[in-house]
Amino acid sequence: MKRRIKHVTVLGSGIMGSGIAAHFANIGVQVLLLDIIPFELSETEQKKGLTKDDKSVQNRIASENFEKLKKASPALLYTPKFAERITVGNFDDDLPKIKNTDWIIEVVVERLDIKKSVYEKIEQFRKPGTLVSSNTSGIPIHFLIDGRSDDFKTHFAGTHFFNPVRYLPLLEVIPTPETDPEIARFYMEYGAKFLGKTTVLAKDTPAFIANRIGVFSMMNLLHEVKNLGLNVTDIDKLTGPVIGRPKSATFRTADVVGLDTLVMVANGVNQSGVEANDFNNVFSLPDYIQKMVDNKWLGSKTEQGFYKKIKNAEGKSEIHGLNLETMEYELQGKSNFPTLELTKNIDKPIDRFKVLIGGKDKAGELYRKSLGALFAYVSHKVPEVSDEVYKIDDAMRAGFGWENGPFEIWDAVGVQKGIELAKESGYEVSDWVKTVETFYKVNDEGQSIFFDKNSGNYSNIPGKESFIILDNIRKNKTLWSNSGSAIQDLGDGIINFEIRSKMNSLGGEVLDGLNRAIDLAEKEYDGLVIGNQGSNFSVGANLAMILMMAIEQDWDDLNMAIAYFQKSMMRVRYSSIPVVVAPHGMTLGGGCEMTMHADRVVAAAETYIGLVETGVGVIPGGGGTKELAIRTSREFHSDDVKNNRLRDAFMNIAMGKVATSAYEAFDMGILEEHKDIVVVDKNRQIMTAKMLAKSLAEHGYTQPIEQKVKVLGKDALGMFYVGTDQMLTGKYISAHDKLIADKLANVLVGGNLSEPTIVTEQYLLNLERETFLQLCGERKTLERIQYMLQNGKPLRN
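So, here's what we can say about the structure. Bear in mind the structure is a predicted one, so any value in this text is a computation, not a measurement.

### A short note on the overall build of the protein
Here's step 1: Within the protein, the secondary structure is distributed over 34 helices and 27 strands.
Here's step 2: For the protein, the C-alpha atoms occupy an extent of roughly 80 × 70 × 70 Å along the three principal directions.
Here's step 3: Residues classed as buried in the protein amount to 55% of the 797 residues present.
Here's step 4: Nonlocal contacts in the protein, meaning residues at least 24 apart in sequence, comprise 69% of its contacts between residues at least 6 apart.
Here's step 5: Carbon together with sulfur atoms contributes 50% to the accessible area of the protein, which is approximately 34800 Å² in total.
Here's step 6: The positive charge centre, built from 95 side chains, and the negative charge centre, built from 105, are 2 Å apart in the protein.

Shown next, in the form of structure tokens:
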């Protein structure tokens, strides 16, 4: 029988419980979020004359955490309206409701006795067959089921989410020997398909996989930092984005997570007795760490850890780092490492490691020592924490935000070189590694295969058959490429156009590639996908090119460039084959315009999309303004609706609003519910887009006919002019902001027409292009573009 999850109960409403509840709500599941009844009345409750019998008092803990969930930044919910899917309550009154739930997830305090008492209460009301799992990060899973019924045991497993649940995709599934294999398989498949998680089947060992490897790596750095004479700022510079790790790197990550949490995991492993002596020493606490714990310098939660915000003599805030020798906070200067300079022209972090380990400075020494220790350690964790290397790599990418897992990095430097680094660092790798040629390969079908220690052969990675990995097919399936783009054959009559420029910006070489892809698809194939697997879909147009043309007042060439962009977007809309766009990550400006012109969109849930051109002093010039004018006109049923819809479209563009998820993009009118879909698992996005393009072709796709558009002219324009005048008078906007806003309004209403009029799309495109050119001639606009290029963020007057 197929198991469907319609309702989930989360027991424990703290940071993790709230995050889990929010993510289930994100995918459309009804959630009951419960917590304990407070022991005492709060001061506010006492003033109101409430008693412990009042429902608001009894639900206070869950209710307060629910309010924090709704206000969280970054947002835990894809859109605020999804909060309606969550109901709060308390253990005493509402636990009987679990008889109607499909899955019970326990997220209470990390104490075995408390967890077991909760399970005893669950047994009183749970119906047979209901899933039960624990989010514990440190208690052995098999300890939790002691004394439980057989049905409870067979449906129970550890389901270890990572915080923040929405943004860190790892879900470790830890079955016990009693867990029904079908139930364990369900947890894995549901987590991947519905929750969009990278699900990793972990063994019931201390700290499971990600925390075990991640904390080893961090603890090793905590020991090495003083040996190498480096400070905390140096380490964070060397262990962040330069090697494909989060910006928070090592010490900032410890501050964010909480030093107490790091110490808890390290002590748990250290005291478990499972590590060999040479590795166990790494999990012992350096003296300065123990002193920080004793001083309650635990990081963000205590407002000081490895870093502390301090007011200087002028009263301005500065971030000071902890001097690990003196245990005093100080402003730590920026260190220069020649080794890093050698990697500046290497785009991918995975390709930098060979250079980094060859460095002759302290940076090179750090990389050699830390990677040598890491390689040795992970070699010995197979098969202890996992039988397969890919699970360890998956866990580190998805749980710690590493761009590449340890075995992938080992492949990048060479297996034999990694063995040498381990030996130089004082470690021996496990014997099974010494005969391995490489940990990963790509087979002839473009599928990743891994070295399986158990069989001694290479095997397919389970579940990856539903993925299309462009890196794997690029060698054999590329039909054409230039410096900024490529076309690949996805099979079944569908090709893919991939943007590959810096930051996936949209310049002439990308537009040339797009038009070539459409030509090729129309002549020889059935459909086109526009998708890539970079960090972001596209950050928009090539601003440097626009700035250069505007400074040189090369208006004819700039006019032609904008017209070419518009024509290319219209080809996306009006070609003879279905075009499916697959946006993800930042999809800004021109990337948003490309998305809006697709026949269908398959958006990753984590798509941050918007028309942001006003931030650099112009309006959307690639059809974005035109497209919102069209979508707005479809809802002109009454004067109120007309004005409200127009105002919404105007504000979204004028304020440069960016949707914080694909679901919010529906609310903004950028995605359309009748045709566009969202996938939670980005790994499945290209395959889903391919299947959709194929389906459209098979069902008789016909080239659309260009649309006529109703615009409102002068009447609506006056409304906007009044509004911008008031904003300027109130000093909410600058004169330049008003100029941009007025010109944007002029395009949205179709210009200074005397009455509502039906116009063509080309009429609006011409108006849009003319306005874009006019704004490029403004000195303030050039200043904004220059500022954006230099600082990576818009200049606000």
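### A short note on the packing of helix H24 (residues 543-551) against helix H25 (residues 555-573)
Here's step 1: Orientation of H24 relative to H25, taken along the N-to-C sense of each, is 150°, at an axis distance of 8 Å. Taken as axis vectors, H24 and H25 run roughly antiparallel relative to one another. Taken as a pair, H24 and H25 cross one another with a handedness that is left-handed. Only Trp555, Asp557, Leu558 and Ala561 of H25 make contact with H24, whose side of the interface consists of Met545, Ile546, Met549 and Ala550.
Here's step 2: Its residues placed into classes, the contact of H24 with H25 shows seven nonpolar, no polar and one charged.

### Topic: the side chain of Thr136
Here's step 1: Here Thr136 is to be found in the loop between strand E5 (131-134) and helix H7 (141-144).
Here's step 2: Looking at Thr136, its side chain comes within polar contact range of the side chain of Glu110, at 2.9 Å.
Here's step 3: Looking at Thr136, its side chain comes within polar contact range of the main-chain nitrogen of Ile139, at 3.1 Å.
Here's step 4: Every residue in contact with Thr136, bar those within four places of it in the chain, is listed here: Glu110, Lys115, Ile141, Leu144, His160 and Phe208.

### Examining the sheet that holds strand E10 (residues 317-323)
For sheets, the rule is that strands pair by backbone hydrogen bonds, running either parallel or antiparallel.
Here's step 1: Sheet architecture is open: three strands sit in the order E9-E10-E11, paired in antiparallel fashion. The sheet terminates laterally at strand E9 (307-311) and strand E11 (328-330), the two strands that pair on one side only. Here the strands of the sheet are splayed against their neighbours by 45° on average, with no regard to which way each runs.

### A closer look at the state of the cysteines
Here's step 1: Tallying each qualifying case throughout the model produces zero disulfides.
Here's step 2: Free cysteine: Cys776, not disulfide-bonded; nearest cysteine sulfur from Cys592 at 19 Å.

### Quick look at the side chain of Glu768
Here's step 1: Assignment of secondary structure puts Glu768 in helix H33 (residues 761-776).
Here's step 2: The buried charged residue Glu768 lacks any salt bridge, with Lys626 as its nearest oppositely charged partner at 7.2 Å.
Here's step 3: A polar contact of 2.6 Å, which involves the side chain of Glu768, links it to the backbone nitrogen of Gly623.
Here's step 4: Sequence-distant contacts of Glu768, defined by excluding residues within four places in its chain, comprise Gln566, Ile619, Pro620, Gly621, Gly622, Gly623, Gly624, Thr625, Lys626 and Val747.

### Looking at unusual backbone geometry
Here's step 1: Residue Ser73 is joined to Pro74 through a cis peptide bond whose omega torsion reads 0°.
Here's step 2: With respect to the helices and strands, the residue Pro74 is situated in the loop between helix H4 (60-71) and strand E3 (86-90).
Here's step 3: A cis amide bond links Asn163 with the next residue in sequence, Pro164, at an omega value of 0°.
Here's step 4: Look at Lys296: it is not a glycine, yet its phi comes out positive at around 60°.

### What to know about a positive patch on the surface
Here's step 1: On the surface, Lys2, Arg4, Lys6 and Lys193 cluster together into a patch of positive charge.
Here's step 2: Among the structural elements, Arg4 can be located in the segment before strand E1 (7-11).

### Looking at the environment of Lys738
Here's step 1: The topology assignment puts Lys738 in helix H32 (residues 735-748).
Here's step 2: The spacing of Lys738 and Asp725 is 13 residues in sequence and 7.6 Å in space, taken between C-alpha atoms.
Here's step 3: Setting aside chain neighbours within four positions, we find Lys738 in contact with Thr724, Asp725, Leu728 and Ile733.
Here's step 4: Here the side chain of Lys738 touches Asp725 through a polar contact of 3.1 Å, side chain to side chain.
Here's step 5: Reaching out from Lys738, the side chain makes a polar contact with the side chain of Asp742 at a distance of 2.6 Å.

### Quick word on the pattern of salt bridges
Here's step 1: Evaluation of the coordinates by the stated rule reveals 49 salt bridges.
Here's step 2: With a shortest N-O distance of 3.9 Å, Lys348 and Asp471 are connected by a salt bridge. In this pair, Lys348 is assigned in the loop between helix H16 (338-341) and helix H17 (353-356) and Asp471 in helix H22 (residues 470-477), connecting sequence segments 123 residues apart.
Here's step 3: By relative accessible area, which is 42% here, Lys348 ends up partly exposed.
Here's step 4: A salt bridge links Lys434 to Asp431; the shortest N-O distance between them is 3.3 Å.

### Considerations on the nonpolar core
Nonpolar side chains tend to gather and get buried jointly when the protein is soluble and globular.
Here's step 1: Core analysis: the largest hydrophobic core is formed by 115 residues, its most contacted members being Phe24, Trp103, Phe497, Leu528 and Ile530.
Here's step 2: Counting residues per element, this core draws most heavily on helix H23 (residues 508-524), which supplies seven residues.
Here's step 3: Discounting residues that sit within four places of it in the chain, Phe24 has contacts with Val8, Val29, Val31, Trp103, Ile105, Phe161, Tyr190 and Leu195.

### Remarks on the environment of Met219
Here's step 1: Among the secondary structure elements, Met219 is positioned in helix H10 (residues 210-227).
Here's step 2: With 417 residues separating them along the chain, Met219 and Phe636 place their C-alpha atoms 62 Å apart.
Here's step 3: Discounting residues that sit within four places of it in the chain, Met219 has contacts with Leu262, Ala266, Val282, Phe283, Ser284, Leu285 and Pro286.

### With respect to the packing of aromatic side chains
Here's step 1: Evaluated as defined, the whole model comprises 30 aromatic pairs.
Here's step 2: Relative to Tyr663, the ring of Tyr78 has its centre 5.3 Å away and its plane inclined at 20°; by these criteria the two rings are stacked. On the criterion of sequence distance, the pair formed by Tyr78 in the loop between H4 and E3 and Tyr663 in helix H29 (residues 662-667) is long-range, its members being 585 residues apart.
Here's step 3: Measuring from centroid to centroid gives 6.0 Å for Phe216 and Phe283, while their planes differ by 50°, and the two rings are tilted.

### Section: the pairing of strand E26 (residues 708-711)
Here's step 1: Residues Val709 and Val711 point to one face of E26 and are all buried, whereas Lys708 and Lys710, pointing to the other face, are not buried.
Here's step 2: Here E26 pairs with strand E27 (residues 757-760) via four bridges, running antiparallel. Among the inter-strand pairings, Val709 is bridged to a residue of E27, identified as Val759.

### Looking at the sheet that holds strand E14 (residues 457-460)
Here's step 1: If you walk across this open sheet you meet the three strands as E12-E13-E14, and the pairing is antiparallel. In this open sheet, the two edge strands, each paired with only one partner strand, are strand E12 (440-442) and E14. On average, each strand axis in the sheet is tilted by 40° relative to the strand beside it, whichever way the strands run.
Here's step 2: Of the pairings in the sheet, the one linking E12 to strand E13 (residues 448-452) comprises three bridges and is antiparallel in character. Paired with Lys441 across the two strands is Ile449, which belongs to E13.

Parameters and conventions
Residues numbered from 1 in each chain as written. Predicted model: local features only at pLDDT ≥ 70, side-chain atom pairs only at ≥ 80, totals over all residues. Heavy atoms only, no water. Helix = DSSP H or I, 4+ residues; strand = E, 2+ residues; numbered from the N terminus. Buried < 20%, exposed > 50% of the residue type's maximum accessible area, 1.4 Å probe, protein only. Contact = heavy atoms within 4.5 Å. Areas by Shrake-Rupley, 256 points an atom, 1.4 Å probe, with all protein chains shown as cover. Lys, Arg positive; Asp, Glu negative; His and termini not counted. Charge placed at Lys NZ, Arg CZ, Asp CG, Glu CD. Axes fitted to C-alpha atoms, helices over the stretch in contact; angles between N-to-C directions. Parallel < 35°, antiparallel > 145°, perpendicular 65-115°, else oblique. Left-handed = near helix turned anticlockwise from the far one by under 90°. Nonpolar A, V, L, I, M, F, W, Y, C, P; charged D, E, K, R; others polar. Polar contact = N/O pair within 3.5 Å; in protein donor to acceptor, adjacent residues only side chain to side chain. Pairing = 2+ DSSP bridges. Disulfide = S-S within 2.5 Å. Salt bridge = Lys/Arg side-chain N within 4 Å of Asp/Glu carboxyl O. Patch = residues over 30% accessible without salt bridge, like charges linked within 9 Å, V, L, I, M, F, W, Y side chains within 5 Å. Core = buried A, V, L, I, M, F, W, Y, C linked by side-chain atoms within 4.5 Å. Phe/Tyr/Trp six-rings, centres within 6.5 Å; stacked < 30°, edge-to-face > 60°.

Any link to function would need more than the numbers given here.
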